[in-house]
Amino acid sequence: MTTTIPHESATKHVTGEAVYVDDIAVNEQLLVGRVVYSPHAHARIKLLDLSEARKIPGVHAVLCHKDIPGHNQMGPVVKDELCLAVDTVTFIGQAIALIAAETEEQCFEAQRHIAIVYEPLETILDLETAIARNSLLGPPAKIERGDVDTALRTAPHVLHGTLQTGAQEHWYLESQVCLCIAGEGNEMNVYSSTQHPSETQHLIAELLGVANHEVVVEVRRMGGAFGGKETQANHTACWAALLCKATGRPVKIRLFRDDDMIMTGKRHRFLSTYEVGFDDDGTLLAAKLQLNSDGGAAVDLSFAILQRAMLHVDNAYFVPNLSVVGQAYKTNLPSNTAFRGFGGPQGMAVIETIIDRVARFLKKDAADIRRRNFYGIGTRDVTHYGQKIEHNRLSTIYEQLMTSSEYEKRRREVNAFNQQHEFTKKGIAITPVKFGISFTTSFLNQAGALVNVYKDGTVLVNHGGTEMGQGLHTKIQQIAAAEFGISLHRVKVNATDTSKVPNTSATAASAGTDLNGAAVKNAVDILKARFADALAEHWTALHPEAPTRSNAIIISNDTIADTAHPERSLSFPDAMVLMNLKQVSLSATGFYKTPDIGWDKAKGFGKPFHYFSYGMAVTEVLVDILTGRHTLLRTDILHDVGDSLNPGIDIGQVEGGYIQGVGWCTTEEVKWDDKGNLMTHSPDTYKIPTVQDIPIDFRVALLQSSPNPNAIRRSKAVAEPPLMLALSAWLAIKDAISAAANHEVEPEFSLPATNEVIVMSAEKLRRELVRDHSIHNAVVK
Ligand code: MTE
Ligand code: MOS
């Protein structure tokens, strides 16, 4: 079934016919919703007067926390997030009041008439301050294997350092949006751009004080999400639902880009420290790591993200003695949240920095140090949290990619180029990714499906996953058709709907296809067995002398036949008419839960992941060390997706993930001022990669002949892991800077490597080099 078919909505995406929430046709009753939020990072609300605002013509509701019928909460895991502020605000962008009016202008007019008096309070706006004040969001976590202190003490070499990795804005093209339409009684129909419709449903029900069965959340598609709509789409949905409930009219809230960027959380910035011990060959002996993350004002998913970071500090490397402590800190910024990789990138950046530094210390190529430290097969194959690594593809990928990318030859060419150029330098790096697939909160690894077959032989599939551009619905359509044995055109995947498939998990952790695809297969299997039994009975009644056995019946090429008696065959549509006449149900639900996983979070030990996804990238860059301008000259990626369900879509995910990671590693810098105002709140101040930032020569390939025994149709998740391949671009830039000092002094480096970081780092290096040389010369004299 390895077939490239276009994304099911590809044509609609480009013609503009694809319906997003903002495109849903609503009657003239529709009201515009607006959120009034805090301009202070931390303040007491001394006065809130909505009376004048309520008088503005065209305004139908102005609400504050007192107007919430149910529970004033929208915390997804920990109930620490108010839907509307009560007496204090803890970040700029926190919602205080809501307005519904006939036009946007009326909303603004009403907002101007809201009287609020604040008393500013002390703020914590960076990790250094949060750490100094011990402003923890919760207790620290630890994972440890071996005797780290002894191993560090006895190691031939020890390095230590600090690494900062930056925040990242999701920049989904479609900002947060929700349309609510009230039904009769307490019914509420919610059209939300959410990765987690069930959670949106539950939170709205709680907020409105109604039962879950009154609230239906539907998601046709999102215009991108990237983790930013895993929990934080709930907010906009909750606000819209409140306004809808209060007015009895349809209400839509669509955040302006600037508001969206100001109000919502980002990828967590981390401030990490490390100490690593290694031998003369560069074999890692011990690592002692501490990861500190900026959680923002509330918990959101911070602990799960921190945990994934801690589970990925090994990346692809066996470290016999390793301890990692993770701490999430509370600051006066919007609560940080899920972002593709979910802490994985932050954890991996640490170990990749370590490897790079070990190589520079030993004056070896970092590629050799990486290979030397890869997890082995049958030896050195257990992670620091005790999971045995099966189906290890690291050396296969490494060998293939080193050859296909001509790494050795290009390394020599890069060195030669650098000898000849003073102010432009080239760098090259290969980095691996090993990424664990499964939600680390084990119970979330479940999914449901509802498969309906109609009498014309068409199939309508509902499943718990949501479509955000990643191609999930396309893959589900392919899975359903292949599992049935019918053509693709017979299968349609419906909008996700909490009334069709209830109590689902978020579409996240890259597991959308694995989980929902398996649930769909389960439903298809149930239907096929039902059809086979009924047809066996039917054909046997016609031919009692030569009965049909149900296990001889198969469906292929849109035909149902008895393989033992090939003349007994029906087209799929004819068979469905017959099934209906025979009173056989043409509808089934399916379910799946990931088998054999589970781990002890408190001990940091067990098997959190169903399997691992692998990939590697070689990136070559050209850096102008006077301006910091950098160009990706060539990137070669070899990525493992098992037996690809759809190579076109998978390559798209790999390319997109890598480029999104390049943004995080290079140009995307989130900055706040000393009051906590986001300074980078629009595309003119926040630079995501554009077409011009794509590698000039971009070669992406999928690892061939590597079926994954652990997932649907031997495929593998693809979504998040490729993002971390961008660390090769980051370290290639470091390599180029290092060349500015002949690789004699190591550059100081952080992430993102913005032009500014590059220039400063190169400048500092050149100064150090001059100083070192003059000292050296002085001694010689
Ligand atoms: N691809 C597109 N085009 N848009 C997105 O929003 N989100 C990513 C990834 N790829 C995203 C994407 C993230 S963060 C995840 S977890 C997965 O898609 C979710 O979908 P999947 O589990 O079906 O792969
Ligand atoms: Mo993705 S960060 O798991 O939504």
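(A) Examining the overall build of the chain more closely. Across its full length, the chain holds 19 helices and 29 strands. Since a compact globule built from 781 residues should have a radius of gyration of about 28 Å, the 28 Å found for the chain is in line with a globular shape. Expressed as lengths along the three principal axes of its C-alpha atoms, the size of the chain is roughly 105 × 80 × 50 Å. Put simply, the chain has 781 residues, and 60% of those count as buried. A distance of 3 Å separates the average location of the 75 positive side-chain charges in the chain from that of its 90 negative side-chain charges.

(B) Just the pattern of salt bridges, in detail. What the rule picks out here adds up to 45 salt bridges. Residues Arg254 and Asp22 are paired through a salt bridge, measuring 2.9 Å at the closest nitrogen-oxygen approach. Taken as a pair, Arg254 in strand S12 (residues 251–254) and Asp22 in the loop between helix H1 (10–15) and strand S1 (31–37) lie far apart in primary sequence, 232 residues in all. Between Asp640 and Lys716 there is a salt bridge; the shortest N-O distance is 2.5 Å. Residue Asp640 is located in the loop between strand S28 (630–639) and helix H17 (647–665), and its partner Lys716 is located in the loop between strand S29 (697–702) and helix H18 (727–739); the two are separated by 76 residues in the primary sequence.

(C) Structural context of the nonpolar core. Of all hydrophobic cores here, the largest spans 103 residues; its most connected members are Leu284, Leu289, Leu291, Ile354, Ile430, Tyr658 and Trp730. Among the elements that take part in this core, helix H10 (residues 344–362) stands out by supplying nine residues, more than any other. Contacts of Ile354, omitting those with residues within four sequence positions, involve Tyr274, Val276, Leu284 and Leu289. With 52 residues, the next largest nonpolar core counts Ile92, Leu207, Val215 and Val251 among its residues.

(D) Structural view of the sheet that holds strand S10 (residues 188–192). Spatially, eight strands are ordered S3-S5-S1-S12-S9-S10-S11-S20 in an open sheet, and the strand pairing comes out mixed. With one partner strand each, in any of the chains shown, strand S3 (59–63) and strand S20 (496–497) form the two edges of the open sheet. Across four bridges, the pairing between S3 and strand S5 (residues 95–101) is antiparallel. Residue Ala61 lies in a different strand from S5, and its bridge partner there is Ala100. Lying over the sheet, helix H7 (residues 233–247) contacts S1, S3, S5, strand S9 (177–182), S10 and S12, oriented at roughly 30° with respect to S9.

(E) Looking closely at the site of ligand 1. In the region of ligand 1, 18 residues are neighbours, and Ala225, Phe226, Met468, Gly512 and Gln653 sit closest. The backbone of Met468 places a nitrogen or oxygen atom 3.0 Å from a nitrogen atom of ligand 1. With respect to ligand 1, the backbone of Ser510 contributes an N or O atom lying 3.5 Å from an oxygen atom. About the coverage of ligand 1: the protein hides 92% of its 520 Å² of free accessible area.

(F) Representation of the layout of surface pockets within the structure. Taken as a whole, the second largest pocket spans an internal volume of roughly 870 Å³. Lining the second largest pocket are 41 residues, and of these Val77, Leu301, Ala304, Thr441 and Leu444 lie nearest its centre. Listing elements by their share of the lining of the second largest pocket, those giving two or more residues are strand S7 (141–145), helix H6 (197–208) and helix H9 (302–311). In terms of residue count, the dominant contributor to the lining of the second largest pocket is H9 (seven residues).

(G) Spotlight on the side chain of Asn494. Along the polypeptide, Asn494 turns up in the loop between strand S19 (491–493) and S20. A residue is classified by how much of its surface remains accessible, and Asn494, at 17% relative accessible area, is buried. For Asn494, the residues in contact, after removing those within four places along its chain, are Arg220, Leu460, Val461, Asn462, His473 and Lys500.

(H) Focus on the environment of Leu586. Tracing the chain through its elements places Leu586 in the loop between helix H16 (572–581) and strand S24 (587–593). A relative accessible area of 10% places Leu586 in the buried class. Separated by 225 residues in the primary sequence, Leu586 and Phe361 place their C-alpha atoms 67 Å from one another. If we skip the residues at most four places from it in the chain, Leu586 touches Val451, Asn452, Val453, Tyr454, Leu527, Arg530, Phe531, Met576 and Met579.

(I) Spotlight on the packing of aromatic side chains. Under the defined criterion, the tally for this structure stands at ten aromatic pairs. Taking the centre distance of 5.9 Å and the plane angle of 10° together, the rings of Tyr317 and Phe374 count as stacked. Residue Tyr317 is found in the loop between H9 and strand S15 (321–330), and its partner Phe374 is found in the loop between helix H11 (366–373) and helix H12 (394–404); the two are separated by 57 residues along the sequence. Ring centres 5.7 Å apart and planes at 65° place the aromatic pair Phe484 and Phe572 in the edge-to-face group. With Phe484 in helix H14 (residues 472–484) and Phe572 in helix H16, the pair connects residues that are 88 residues apart, well separated along the chain. Phe572 carries the same exposure label as Phe484, and that label is buried. Joined through ring pairs, the aromatic side chains of Tyr317, Phe374 and Tyr398 make up one cluster.

(J) Just the packing of H6 against H7, in detail. For the pair H6 and H7, the least separation of the axes is 9 Å and the interaxial angle reads 40°. It follows that H6 is oblique to H7 by the angle criterion. Considering only the axes of H6 and H7, their crossing is right-handed. Together, Glu199, Thr200, Leu203, Ile204, Leu207 and Leu208 of H6 and Asn234, Ala237, Cys238, Ala241, Leu242 and Lys245 of H7 make up the contact between the two elements. Of the residues that constitute the contact of H6 with H7, the class distribution is eight nonpolar, two polar and two charged.

(K) Examining empty space enclosed by the protein more closely. Inspection of the entire model under this criterion finds four cavities of 30 Å³ or more. The calculated volume of the largest cavity comes to roughly 80 Å³. Contributing to the lining of the largest cavity are 14 residues, with Glu390, His391, Tyr611, Phe612 and Asn710 lying nearest its centre. Roughly 60 Å³ of volume is contained in the second largest cavity. Top contributing element to the lining of the second largest cavity by residue count: helix H15 (residues 512–542), with three residues. Here the lining of the second largest cavity is built from residues that sort into four nonpolar, eight polar and no charged.

(L) Molecular detail of H10. Under the 1.5 Å per step criterion, the end-to-end length of H10 is 27 Å for 19 residues, consistent within 8% with the ideal 27 Å. In terms of residue burial, H10 counts as a mostly covered element, since 18 of its 19 residues are buried. Backbone geometry just after H10 places Lys363 at a positive phi near 55°.

(M) Spotlight on the sheet that holds strand S6 (residues 115–120). With antiparallel pairing, the three strands of this open sheet are ordered in space as S4-S2-S6. Where the open sheet ends on each side, the last strands, each with one partner, are strand S4 (88–89) and S6. Note: strand S2 (residues 43–49) against S6, six bridges, orientation antiparallel. Pairing of Ala43 across the sheet is with Pro120, part of S6.

(N) Fine view of unusual backbone geometry. At the junction of Leu751 and Pro752, the peptide bond is cis and its omega measures out at 5° in the coordinates. Looking at the element boundaries, Pro752 is found in the loop between H18 and helix H19 (755–780). A positive phi angle, near 65°, is found at Ser510, a position not held by glycine. Mapping Ser510 onto the fold places it in the loop between S20 and H15.

(O) Spotlight on the pairing of strand S16 (residues 424–437). Burial within S16 is extensive, with 13 of its 14 residues counted as buried. When S16 meets strand S27 (residues 611–624), the two strands line up antiparallel, connected through 14 bridges. Pairing of Ile430 across the sheet is with Val618, part of S27.

The rules behind these values
- Residues numbered from 1 in each chain as written.
- Chains lettered and ligands numbered in written order.
- Predicted model: local features only at pLDDT ≥ 70, side-chain atom pairs only at ≥ 80, totals over all residues.
- Heavy atoms only, no water.
- Helix = DSSP H or I, 4+ residues; strand = E, 2+ residues; numbered from the N terminus.
- Rg over C-alpha atoms; globule rule 2.2 N^0.38 Å.
- Buried < 20%, exposed > 50% of the residue type's maximum accessible area, 1.4 Å probe, protein only.
- Lys, Arg positive; Asp, Glu negative; His and termini not counted.
- Charge placed at Lys NZ, Arg CZ, Asp CG, Glu CD.
- Salt bridge = Lys/Arg side-chain N within 4 Å of Asp/Glu carboxyl O.
- Core = buried A, V, L, I, M, F, W, Y, C linked by side-chain atoms within 4.5 Å.
- Contact = heavy atoms within 4.5 Å.
- Pairing = 2+ DSSP bridges.
- Axes fitted to C-alpha atoms, helices over the stretch in contact; angles between N-to-C directions.
- Near = heavy atom within 4 Å.
- Polar contact = N/O pair within 3.5 Å; in protein donor to acceptor, adjacent residues only side chain to side chain.
- Areas by Shrake-Rupley, 256 points an atom, 1.4 Å probe, with all protein chains shown as cover.
- 1 Å grid on protein atoms, 1.4 Å probe; cavity = no way out; pocket = protein on both sides within 12 Å on 5 of 7 lines; lining within 4 Å.
- Points joined across faces, edges and corners; volume = space filled by probe spheres on them.
- Phe/Tyr/Trp six-rings, centres within 6.5 Å; stacked < 30°, edge-to-face > 60°.
- Parallel < 35°, antiparallel > 145°, perpendicular 65-115°, else oblique.
- Left-handed = near helix turned anticlockwise from the far one by under 90°.
- Nonpolar A, V, L, I, M, F, W, Y, C, P; charged D, E, K, R; others polar.
- Expected span 1.5 Å × (residues − 1).

Shape descriptors only; they carry no functional weight alone.
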